[in-house]
Amino acid sequence: IRDNEILRQLYNFNLRMARKYFNEKNTNLAIYQYHLVNKISPNSEAYYNLGYMYYDKKMPESAIREFNEYLKLEQDSTKSRNVREWMEQFTLQKGQSRS
C-alpha cells in the first residue's frame, strides 16, 4: 500500500510539473515530465500534449506516435475525431510530398 501511495504522489507531482512547463512553453521539460507521467500510468492528456509539442517542434513522426497512444485512451469522441482528422491530413500531405 505504501508503494502505491508513493507512486500516486509521484504521478501527481510529475503531472503538475508537466502542466506548469507546458503552460510556460518550456517544451523540453514538459516533454520530459509527460513521459515520466506515462511511465507511471498512461494518461490521455499527457499523450495529447506530447503529440502537440512534437508537432510544434517539427517532429511529425513522434507526434503521430503520441497521438496514436492518445487515441487508445481518449473516451471523448469529439476530441479524438479532431486528432484523427489531423493525422489523416498529415498522412495525405506526406504522401503528396513524396510524389
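What comes next is a walk through the structure. The structure presented is a predicted model; accordingly, all values stated were derived computationally and were not measured.

**Overview of unusual backbone geometry**
And step 1. Located in the positive-phi region is K25, a residue other than glycine, with phi close to 65°.
And step 2. Its place among the elements puts K25 in the loop between helix 1 (2-23) and helix 2 (27-40).
And step 3. On the basis of relative accessible area, K25 is assigned to the exposed category, the value being 69%.
And step 4. For K58, which is not glycine, the phi torsion reads 60° and is therefore positive.
And step 5. Within the fold, K58 resides in the loop between helix 3 (44-56) and helix 4 (60-73).

**Quick look at helix 2**
And step 1. In this model helix 2 runs 20 Å from its N-terminal to its C-terminal C-alpha over 14 residues, within 8% of the 20 Å that 1.5 Å per residue would give.
And step 2. Listed as buried for helix 2 are A30, I31, Q33, Y34, V37 and N38.
And step 3. Turning to helix 2, the residues buried within the fold contact helix 1 and helix 3.

**A closer look at the environment of L50**
And step 1. Tracing the backbone through its elements, the reader meets L50 in helix 3.
And step 2. Classification of L50 as buried rests on a relative accessible area of 0%.
And step 3. C-alpha separation for the pair L50 and E66, spaced 16 residues apart in sequence, amounts to 6.1 Å.
And step 4. Residues within four places of L50 in sequence aside, it is in contact with I31, Y34, H35, N38 and E66.

Cut-offs used in this document
- Residues numbered from 1 in each chain as written.
- Predicted model: local features only at pLDDT ≥ 70, side-chain atom pairs only at ≥ 80, totals over all residues.
- Heavy atoms only, no water.
- Helix = DSSP H or I, 4+ residues; strand = E, 2+ residues; numbered from the N terminus.
- Buried < 20%, exposed > 50% of the residue type's maximum accessible area, 1.4 Å probe, protein only.
- Expected span 1.5 Å × (residues − 1).
- Contact = heavy atoms within 4.5 Å.

That's the geometry; what it means functionally is another story.
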